[in-house]
Every structure is written in C-alpha cells, then in structure tokens.
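Listed below are the residues making up each chain.
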Amino acid sequence: MSPSDRLHKVYRSLGTDTSPQSDIPYLLSQLTLDEKASLIAGADLWTTNPIPRLGIPKLKVSDGPNGARGDQFEGGLTSACFPASVSLAASFDRKLAEKIGQSLAEEAKTKGARVLLGPTVCPHRDPRGGRNFESFSEDPYLAGELASHYIMGLQREGIGATIKHYAVNEQETRRFSIDARVGQRALREIYLKPFEMAIKKADPWAVMTSYNIVNGVHADANQFLLSKVLREQWGFKGLVMSDWGGTNSISQSINAGLDLEMPGPPVHRTRQNVTSAIQSGEILETTLNKRVEAVLRLLQRAGSFDNHEIPSEQAIDRPEHQRLIRKAGAEGMVLLKNEKKILPLDKSTVKSIAMIGLAKQYLGHGGGSASVKSHRKITPYQAFEDCLGSSVELNYAQGARIIKSLPVFGADNVFDDDGVPGFTLRVTRRSDKDGGPSVSNSSTAQLKPFACPGAVTAVMTGTYRPSVDCVEYLAFGCIGKAKLCINEEMVFSQADDSVDVMAFMLGTAAEETKLYEFSAGQEYRIRIECHVDELAKKDVSPISSKMIGFRFGKMLQSDHDADLIPAAVDAAKRSEVAIVFVGHTPAWETEGADRQNMDLPKDGSLDRLIAATAQANPKTIVVNSTGSPITMPWLSQVAAVLQAWFPGQEAGHSIADVIFGVTNPGGKLPVTFPRAITDCPTYANFPGDINNDRVEYAEGTFVGYRHYDSLPDSVLFPFGFGLSYTSFEISGVELSATSLTGVQPVGVTLDVKNTGTVPGSQVVQIYVGAAFVSEIDRPKKTLAGFEKVHLSPGETQKVQIEISPQSLAYWNQDRGTWSVDAGTYMISVATSSLDVSVALPVTVVTPFQLEP
Ligand code: BGC
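Remember, it's a predicted structure, so these values are computed and weren't measured experimentally.

Student: How would you summarise the overall build of the chain if you had to cite specific residues and measurements?
Tutor: From N to C terminus, the chain includes 20 helices and 38 strands. What you see for the chain is a C-alpha radius of gyration of 28 Å, in line with the 29 Å of a compact globule of 852 residues. Judged by the C-alpha coordinates and their principal axes, the chain covers about 85 × 80 × 55 Å. The 852 residues of the chain split such that 62% are buried. Counting contacts in the chain only where the partners sit at least 6 residues apart, residues at least 24 apart contribute 78% of the total. Accessible surface for the chain amounts to roughly 31,000 Å². Of this, 49% is attributable to carbon and sulfur atoms. Side-chain charges in the chain split into 84 positive and 97 negative, and the spacing between the mean points of these groups amounts to 3 Å.

Student: So, the sheet that holds strand E37 (residues 835-844): which residues are in play, and what are the values?
Tutor: Taken together, five strands build an open sheet; the order of strands is E29-E37-E36-E31-E32 and the sheet is mixed. In this open sheet, the two strands that pair with only one neighbour each are strand E29 (739-740) and strand E32 (782-791).

Student: Before we move on, could you go through the site of the ligand and cite the residues and values that matter?
Tutor: Not every one of the 14 residues close to the ligand is listed here, only the nearest: Asp63, Arg131, His165, Asp243 and Glu591. The side chain of Asp63 places a nitrogen or oxygen atom 2.4 Å from an oxygen atom of the ligand. The contact in question runs from an oxygen atom of the ligand to an N or O atom on the side chain of Asp243, over 2.6 Å. Here the ligand, which alone exposes 310 Å², has 97% of that area covered by the protein.

Student: So what's going on with the sheet that holds strand E28 (residues 728-735)? Residues and values would help.
Tutor: With antiparallel pairing, three strands are arranged side by side in an open sheet as E28-E30-E33. Looking at the sheet topology across the chains shown, the edges are occupied by E28 and strand E33 (796-803). Within this sheet the neighbouring strands show an average axis-to-axis angle of 25°, counted without direction. Here eight bridges tie strand E30 (residues 746-754) to E33, and the two strands are oriented antiparallel to one another. Bridged to Val746 within E33 is Ile803.

Student: I'd like to hear about the pattern of salt bridges, residue by residue, with values.
Tutor: Using the criterion set out here, one finds 43 salt bridges in the structure. A salt bridge links Lys798 to Asp751; the nearest nitrogen and oxygen atoms lie 3.0 Å apart. Of this pair, Lys798 sits in strand E33 while Asp751 sits in strand E30; the two residues are 47 residues apart in sequence, bridging distant segments of the chain. For Asp751, a relative accessible area of 19% translates into the label buried. Each of Arg131, Glu134, Glu172, Arg175 and Glu591 takes part in one network of salt bridges that share partners.

Student: Can you break down the packing of aromatic side chains residue by residue, with the values?
Tutor: This structure, assessed with the given rule, holds 28 aromatic pairs. Taking the centre distance of 5.0 Å and the plane angle of 70° together, the rings of Tyr191 and Tyr697 count as edge-to-face. Placement of Tyr191 in helix H7 (residues 184-191) and of Tyr697 in the loop between strand E26 (694-696) and helix H20 (705-708) is noted, with a sequence separation of 506 residues between them. Of the residues examined, Tyr191 reaches a relative accessible area of 0% and is grouped as buried. Judged by its relative accessible area of 4%, Tyr697 falls in the buried class. An aromatic cluster is defined as three or more aromatic residues linked by ring pairs; in this entry it consists of Phe409, Phe423, Tyr464, Tyr516, Phe518, Tyr524 and Phe552. Its end group placed over the ring of Phe786, Arg94 keeps NZ or CZ at 3.9 Å from the ring centre. The ring of Tyr396 has Lys360 lying over it, and the distance from NZ or CZ to the ring centre is 4.3 Å.

Student: Would you mind going over the pairing of strand E10 (residues 352-357) in detail, with residue names and values included?
Tutor: Within E10, six of the six residues are buried, which leaves it mostly tucked inside the rest of the structure. As defined by bridge partners, E10 adjoins strand E11 (residues 393-397) across five bridges and the pair is classed as parallel. Bridge assignment links Ser352 to a residue of E11, and that residue is Glu393. Handedness of the crossover is the feature at issue here: the chain leaves E10, passes through helix H14 (residues 380-388), returns alongside E11, and the resulting connection is right-handed.

Definitions and cut-offs
- Residues numbered from 1 in each chain as written.
- Predicted model: local features only at pLDDT ≥ 70, side-chain atom pairs only at ≥ 80, totals over all residues.
- Heavy atoms only, no water.
- Helix = DSSP H or I, 4+ residues; strand = E, 2+ residues; numbered from the N terminus.
- Rg over C-alpha atoms; globule rule 2.2 N^0.38 Å.
- Buried < 20%, exposed > 50% of the residue type's maximum accessible area, 1.4 Å probe, protein only.
- Contact = heavy atoms within 4.5 Å.
- Areas by Shrake-Rupley, 256 points an atom, 1.4 Å probe, with all protein chains shown as cover.
- Lys, Arg positive; Asp, Glu negative; His and termini not counted.
- Charge placed at Lys NZ, Arg CZ, Asp CG, Glu CD.
- Pairing = 2+ DSSP bridges.
- Near = heavy atom within 4 Å.
- Polar contact = N/O pair within 3.5 Å; in protein donor to acceptor, adjacent residues only side chain to side chain.
- Axes fitted to C-alpha atoms, helices over the stretch in contact; angles between N-to-C directions.
- Salt bridge = Lys/Arg side-chain N within 4 Å of Asp/Glu carboxyl O.
- Phe/Tyr/Trp six-rings, centres within 6.5 Å; stacked < 30°, edge-to-face > 60°.
- Lys NZ or Arg CZ within 6 Å of the ring centre and 35° of its normal.
- Right-handed = clockwise from strand over helix to strand, strands pointing away.

By themselves, these figures tell us nothing about what the structure is for.
Here it is as structure tokens:
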C-alpha cells in the first residue's frame, strides 16, 4: 500500500474528510526540494513527473484543440478530427461548441489524457496568421462565448481544458522571440478578452502561455499577465503551463507565476537549477510551494489521485462522433454567393458534375500541432460518389498543382559511399566528435534521423545515376548553415542560421528551388553539408536549438510545369455544373509559418483554374477550404461560393450535405473577408519588424470589422455575413429599458420569421456603439450578443438577448478599470456587421466603473 493510500485509510478510520484536496498541505509538508522541483516540470513530451513515494501520480496531456492526437506527432493511432475552431465559430452555436467539447473529452480518454491542450482563443489579427484556423474569430466576444461552452462541455466529462496561448500570440513569424507591442486598451478589449470571458465563465483547469514577448517581457515570465491579471484580477485558480519549449528562465518564470515547464525533461527547471535558486534566495520556498500546489490541484481535479493509471492509447471511431462532425462541419459552412439560386443542386435532376481542383483531397484540418491523423478522411469526390451513386456522371480533373515542398529526393538510382542504394549520412555530435558513419535510405533527407541533441555537423553523400535524360526541379531547405554541391559545384547554400526553424521542422518552410539538367548514365556526386555553431538563441525555442537538418527534394520539370487546365476546362464543358474545390492543404495553413499573402496557392494557379472553369461553364461553383480569408479575383465570374473552412474528418460529407441541400447553410463569417490584403488594418504591421523582433499593434482596438465598419468599400464579405437557402424577417425589436441608471443588463427582444420555403437558421447579432462624441477613439460598434434560431418555413420565434453592461465599457487606462461613460448608445439588431435591421437608443444616465 502506498503512503498516500495508508494516509487515506487512517483518515477514513478517523472519520475525517478524505477528499484529496485535504491532502495537499500534507503532501507539501512531505515533499523534498528535489521532489518539488521535479513536479514543476514535465517528465517527457506529454506527462508530468510522479512521486511514487508519496502516491503522487503522473498526468498525461494531449493536443488539442480539434482532436486528441495522442503522443505521436506522426504515425500514431488515428483520432476523431472535429471542425477547426474557425469553423465552429462560424456556426455561432453555443450548444454545438459544448457538444464538441463533450465529445473531445471522450476522445481524450481514448488517448489516456486527462487534459486537452485547447482551446486556442487568440483573436485573428491578420488574415495571414498561420494559426488563425485553430482559433475562433476576429471578435473577442464570439471567441470568448464559444470557447467557454467548449470548455464547459469538455470539463463536464472530467477532462481539463488548457486555454492557449496566453497572450498576444497572433503570428507565427519569429514566434519565439517577437515582442508584441500592444496598448493597454487593445490588450484588454481585444487580446485578453476571450481569455477573461472563458476564465470567468468556464473556469478552465489550465492556461498555456505563449512563446512570444508581450510588451517587453516573455509571456512565461510575465508577472503582469500571470499574477496581476490572471490570478489577482480574474481569480484564476488553475495551473499555468508553458508552451512546448516556451519556458525561458528559471526564477523569473517561477516568480511570475508559471507553474509547469513543458515538455520534459526540463531545460530550465532541472532539480539542480531549482535547488540553487532556492538556496541563493532568488526563489522563496513559499513561491515554489504555490507552483507545486497548482500541479497537485490539477492532479486532483483530473482524478489522477483516485486512479493512477494512464491507459494505453486506442483508436475508437464512434459512429455518433462521425454524425456530430458531419453535422457540425456543415453547420459552420458559409454560403457567400448563390446567384440565381444555383444551390442547392437537385440530385434527382442533375446529370453530370465536373469535380475540379482539390476534389480528391481531404482538407479537414490545418497544419502543426492541431493536425490529427483522422479516423476518416472523407474527400468531396468520395462523398459525392456515396451520395449520388452511379446516377450522376462525375468528371474529375485536377486542374492545378499546389504542392508546397517537392517530394523528398528518393533513393531511386542513388548509391551511398559503399555502392549500396541510398545515401551515406555522417553526423557529428558534441559529445561524440568522432561519430562514425551511419547509412540510411531516402528518409535521411529529412530532419529526423539526425535531429539529435548536440548535433553539430551532418554530411550526406550519394551518387545519383539517372536512367534517362531529364530536367528536374531541385528544392533545398535547412536548419543551420548548409551547402549542397553536385559534382563539386555549389547548387544551394545558406550562410546564415535558418530564419524559421519551427516552419522547417513542420515541413512548411519555404524552400529554394532550381532547375537542374541530368543526363542518362552520368554520375552525379551529391554532397550536403550542414552545421550549426551556436544557433542564435533568440531565433529558436530551446527544443529546436538542439537540432540541425536539411530537406532535399526533386520533381521532374515536365510533371511540375504541366498545364493541367485544358483537361479541367474539358471536364467543365462536358458537365452540367462545375464545382472547383480550392483551399489550403495543411502545408499552406499551419503552425510555424504565416501566409505570405491572402491569395490561394500556388502562384495564382488555383485562381487561373477557377477563371478558366467559369469561362467554360457558367454554372461554376467554388468550394473554398481555408481557415482564413482569401482574395477572390474571379468572384464576379462564378455562380456560387461556399466557404467550407476545415470541417474535420467528414469534410466531403459536410460539403455534399450543403451542396445538395440536406443541410441548409446557417454559418456566418467569424472574420471579415477584405477585398485585398492591403485593406487590412494590420497590413503595414504584420509580421512586424522582424529584424528587430518587434511587432507594433498600431491599429489598437480597430481589428477586423471594428476597422472595416468605417471603410465598407474595402469589404468583400462582412463579419457575420452568410446566405441561406431560405429567407428571414426580423420585426418587433424592443429594449427592456431606454435609460440605465446603474449596472444592469439591457434586454433585447425581437421576432424572427422564416419567410422562405425550407427550414433554416438565422443568427441574430446585437452590436452596441456610442452615439455621442467620445473623448476616446471607439469602434463604431462591437458585438455584444447573438442567438441562433432554427425555424421551419413560416415559423416565427421570439428571441431574447441580454446585453451585459460590460459591453458598453472601454478599458480606462488611467483608472485601471472598465468605464462606462454617460451618454446614448445605439443597440443594433443585425445580420452582419454591415447589415443592421434596426438600431434603438439606450441612455446611460450616470457613468460607472466595473472592476477588472
Ligand atoms: C504549440 C502548442 C502545442 C504544443 C504541443 C507547441 O508548438 O504551440 O499549441 O500544444 O506545441 O504540441
């Protein structure tokens, strides 16, 4: 029997409270300094350290946020892939968010995890943000509401949420070192808001800090964010963990309030480091105890003390999850254009459909830690076949190539130094200066085989003997300084340390590409050398600073440059309707790299494909699978556009359900689609001054529609916009009060009627804005409430929405409180930020303050 079991037994016999909570002071009194140090850092990638002597178990976490991936980045078991948060946000459906949270808990349990690393809530600041898809919206209220419900659903099932990345993490470029400079108003009103709402409303068990610096201080060591705002002002009672490799100090982070360094074994919180910091007085033992206590409390909340077991991972593909994901994916889809009501297609009358572009690709999720090896990967083509059977002719044509990285230079016709197929790879490690040669095959051209701690050089050699004359595109990317020679001639070289180590590791970094002519029967001696002296610490995370590597790819020029458009045009001409599927594979929208612009990949090829298809067939429909806005130079030429986002594992089915009217699209844009990237308020300040590692949030609170509201001409589709197969009417708008004398909510009531012929849903949006000349700069209006209603044809429903006084407030820097000024405010009932049905005034008689 373990000591803690013994203790429980004693307590039980005394009839005293045996709840684990009461054990924390006892455990703290028993722990040695070494043991305390071990508790505040991870054991490995996904678990915390146990202390068997005291019956303290270990706990496993898993990514998050749209699935529970388990402990393998690649090659692990399959998992359910739920819609990305941007898709969920487009549903504007709190209940759906809760249901997804609940199902994610079931998934997390199949992977033995008690805490999920999600949701991601940082506002979308710029369409180029690589991780926007993983997060909800440009609007903090919408993000805060849906994140809260997701968390409530998850935690109700006994799995903890980790809201991330706290804070001001709106870009991937130089994410470990960028200093995000943001004013106090924008910080409180936009960037901290979703965290504040979710923490107060849903009490997530954990918070994950961001990698970046916020106003000069690393997020993981930011006393203001972690102690003052999070704990003192918002009353957060959970655990704060660092992002993976995002702990940057020993005492500073412990003193600031970071409870857990992840992953393990730790870079900073080694037992020795923590002990000496205590001995030198840099950390007080009472402070260390607080960090330990947070870890113990998390173990308690997660039920780990009651059941120490971390079950083995399983892949359980539940039919009820398949159904939920299919429905949720379709609910999030936004119909942007539907000329002459071309959609929904009637599957009983349509004879032929051209399936063009990415029709045979599964675009269910974005890239990076949010990617999931999905149980199912339903492509549109497969779903259309399933739903149409053989009665409709499907004419498929790829039409464009959008590969981001060329396929790895394989082992075909390549011989190593001993004449055996493959390359020879020699890695020298710091601890092993004479590291012997190791031979491996094509996969050695990727990072992993020599991404080992302390590696300082890697040399890869091989002889290529092509069997035919050919011209190939060669592509090269690396971490560290590197060069690639063919027959002693330098073909590629990189003199500086890699710009974006993380993007490289995720396989999404831009590569240099060149054409090279090979002749049959000739020998080409390939030599790649890569070395790292000392990677500039500021460029990389502590994890990646230990790695070097390169990637070498090739592709036949004839394949790469082949014009695929004629076949697509032919398919479009032969078909009654043409659907062009476009969007981003995980390589194009991912953690670790921001997008370069707002255009579809690659180099305009998908845009050209759409334009050519539309010219060939006037009934051209575009289905776009991206997590962020795109430019649409072809918009006027096509009949319909459906924004599908990343809808999860049933992607194809969700799309087919909307196309054929099984589901009436009720999704609304959670982000504005501007006409051009130059229209964005952040255009000049994204990703910032990367040479000096600084990004100014110069647009202040004017993010998304808060900016575009004054510049409607720059908007292609506004925030909150989405068409339906039916129509709605809003009437009878009334406010519960026309003047406010104190801190009280305002009730808005109205009727919504489905005036069309099919069932459908409408999202009623309530915005508030000051109607008086204000001393401070204010957006015209901000979202303060919403409600989604499902209505049958002819049905009318009364909707009641309560507007909190908080939504009239701005952050008053001088007072350090939320202030509501006296004056008249307009309460707008709308169906998008630019489509207001009715606006009614409410007057605040006396100004008031709200505590943070
Ligand atoms: C990401 C986190 C993720 C962690 C573990 C980091 O790179 O930023 O969101 O939870 O890795 O995979």
